[in-house]
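Here's the letter readout for the chains.
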Amino acid sequence: GMPVEQNPPALSLYEGADSGLRCNFSTTMKSVQWFQQNHRGRLITLFYLAQGTKENGRLKSTFNSKERYSTLHIKDAQLEDSGTYFCAAEAGDKVVFGTGTRLQVSP
Amino acid sequence: NAGVIQTPRHKVTGKGQEATLWCEPISGHSAVFWYRQTIVQGLEFLTYFRNQAPIDDSGMPKERFSAQMPNQSHSTLKIQSTQPQDSAVYLCASSLTERLFFGHGTKLSVL
């Protein structure tokens, strides 16, 4: 199977809602990064984790290498959160991306 | 710090022509990665260099695609005899440790 499975593929939220994205890994990964791809296509780094949990404003991410998953939680969703979110995990010398979650936040 | 710089931002070529894409990594970063993004395939790894040496090109199509890193300040991705299926956004990233920093990408359109 795919080394990185990302869910859900698409997500629709109203402003103010909370939700989470998840990446499951087929093997033990060394680290994970989460990116937001904005409407212009630029990949913006949200988090880099080698383990544990990090928070930044309304975003929180957790990486559990032993259980082979990572999550990205969005709190109080805003219109500017719309975009496509990718996780990317370090597998050996290579970085493998998830298939992305397309998030649409509506008023 | 200007970040990773990719040029051109957009490139339109005719079928069969050659396309060369440029990437200037962040100064001091030892690794440079190339990815391709399409709606159908998503983000695909192509190749990467560490300290200018090619490490892994397992994602590169065997024909027509080549990548080089002649010095630490830039890398090129060359596509010979471009085909419509090569149309994609080509992304370059650099890193010092494991964290990747991406450029804006080059959108290649092959007509």
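Computed from a predicted structure; not experimentally measured.

Caption draft 1: Representation of the pattern of salt bridges within the structure. In this structure the tally under the stated criterion is four salt bridges over all chains. With its nearest N and O atoms 2.7 Å apart, the salt bridge here joins A:Arg58 to A:Asp81. You can see A:Arg58 sitting in the loop between strand E6 (52–56) and strand E7 (59–64) and its partner A:Asp81 sitting in the loop between strand E8 (69–74) and strand E9 (83–91), a full 23 residues away along the chain. The class for A:Asp81 is buried, based on a relative accessible area of 7%. Note that B:Arg64 and B:Asp86 form a salt bridge whose closest N and O atoms lie 2.6 Å from each other. Of the two residues, B:Arg64 sits in the loop between strand E6 (53–56) and strand E7 (65–71) while B:Asp86 sits in the loop between strand E8 (74–79) and strand E9 (88–95), which places them 22 residues apart along the sequence. In this structure B:Arg64 comes out as partly exposed when scored by relative accessible area, which is 25%. Residue classification places B:Asp86 among the buried residues on the basis of a relative accessible area of 2%.

Caption draft 2: Representation of the sheet that holds strand E1 (residues 5–7) of chain B. Residues and elements named next belong to chain B. The strand order across the open sheet built from four strands is E1-E3-E8-E7, with neighbouring strands paired in antiparallel fashion. Looking at the sheet topology across the chains shown, the edges are occupied by E1 and E7. The average angle at which neighbouring strand axes cross in this sheet is 20 degrees, direction not considered. One ladder, built from three bridges, connects E1 with strand E3 (residues 19–24); its direction is antiparallel.

Caption draft 3: Seen up close, the layout of surface pockets. Here the largest pocket defines a volume of roughly 820 Å³. Lining the largest pocket are 34 residues, and of these A:Gln37, A:Gly41, A:Thr84, A:Arg102 and B:Gln37 sit closest to its centre. Those elements giving two or more residues to the lining of the largest pocket turn out to be strand E4 (32–37), E9 and strand E11 (101–106) of chain A together with strand E4 (31–38), E9 and strand E11 (106–110) of chain B. The volume enclosed by the second largest pocket comes to roughly 270 Å³. Lining of the second largest pocket is provided by 16 residues; of these, A:Met2, A:Val96, A:Phe97, B:Leu43 and B:Glu44 occupy positions nearest its centre.

Caption draft 4: Expanded view of the packing of aromatic side chains. Inspection of the entire model under this criterion finds 11 aromatic pairs over all chains. For the pair B:Phe33 and B:Tyr35, a centre-to-centre distance of 6.4 Å together with 20 degrees between the ring planes defines the contact as stacked. An identical accessibility class is assigned to B:Phe33 and B:Tyr35; each is buried. For the ring pair B:Tyr35 and B:Phe102, a centre distance of 5.8 Å and an interplane angle of 50 degrees mean the geometry is tilted. Here B:Phe102 lies in strand E10 (residues 101–102) and B:Tyr35 lies in strand E4, a separation of 67 residues in the sequence. Taken as a pair, B:Tyr35 and B:Phe102 share a single burial class, namely buried. One aromatic cluster is present, built from ring pairs that chain together A:Phe35, A:Phe86, A:Phe97, B:Phe33, B:Tyr35, B:Phe45, B:Tyr48 and B:Phe102.

Caption draft 5: View of the state of the cysteines. Residues and elements named next belong to chain B. All told, the structure shown has two disulfides over all chains when counted by the stated rule. A sulfur-sulfur separation of 1.8 Å characterises the disulfide bridge that pairs Cys23 with Cys92. Since a negative S-S torsion denotes a left-handed disulfide, the Cys23-Cys92 link at about -65 degrees is left-handed. With Cys23 in strand E3 and Cys92 in strand E9, this residue pair connects regions lying 69 residues apart in the sequence. Of the residues examined, Cys23 reaches a relative accessible area of 1% and is grouped as buried. A relative accessible area of 0% means that Cys92 is categorised as buried.

About the thresholds
- Position numbers for residues start from 1 in each chain and track the written sequence from start to end.
- Each chain takes a letter, starting from A, and each ligand takes a number, starting from 1, following the order in which they are written.
- Confidence filtering applies because this is a predicted model: local features only for residues at pLDDT of at least 70, side-chain atom pairs given and counted only at 80 or more, and all residues used for totals across whole chains, interfaces and linings.
- Derived side-chain values reflect all non-hydrogen atoms in the structure, with water molecules and hydrogen atoms excluded from consideration.
- Counted as salt bridges are all cases of a side-chain nitrogen of Lys or Arg within 4 Å of a carboxyl oxygen of Asp or Glu.
- A run of DSSP states H or I qualifies as a helix once it reaches four residues; a run of E qualifies as a strand once it reaches two. Both are numbered from the N-terminal end.
- Classification of residues uses two cut-offs on accessible area relative to the type maximum, computed with a 1.4 Å probe and protein chains only: under 20% is buried, over 50% is exposed, and between them is partly exposed.
- Here, a strand pair is defined by DSSP locating no fewer than two bridges between the strands.
- Note on definitions: angles span 0 to 180 degrees between N-to-C directions of axes, and those axes are lines fitted to C-alpha atoms, for helices only across the stretch in contact.
- Note on definitions: the grid is 1 Å and covers protein atoms alone; a cavity is a set of points where a 1.4 Å probe fits but cannot get out; a pocket is an open set with protein on both sides within 12 Å along at least five of seven lines; lining residues have an atom within 4 Å of a point.
- Grid points are joined across faces, edges and corners, and a volume is the space filled by probe spheres set on the points.
- Two rings from Phe, Tyr or Trp (for Trp, the six-membered ring) form a pair when their centres are within 6.5 Å of each other. A pair whose planes differ by under 30 degrees is stacked, one over 60 is edge-to-face, and the rest are tilted.
- Throughout, a disulfide means two cysteine sulfur atoms within 2.5 Å of one another.

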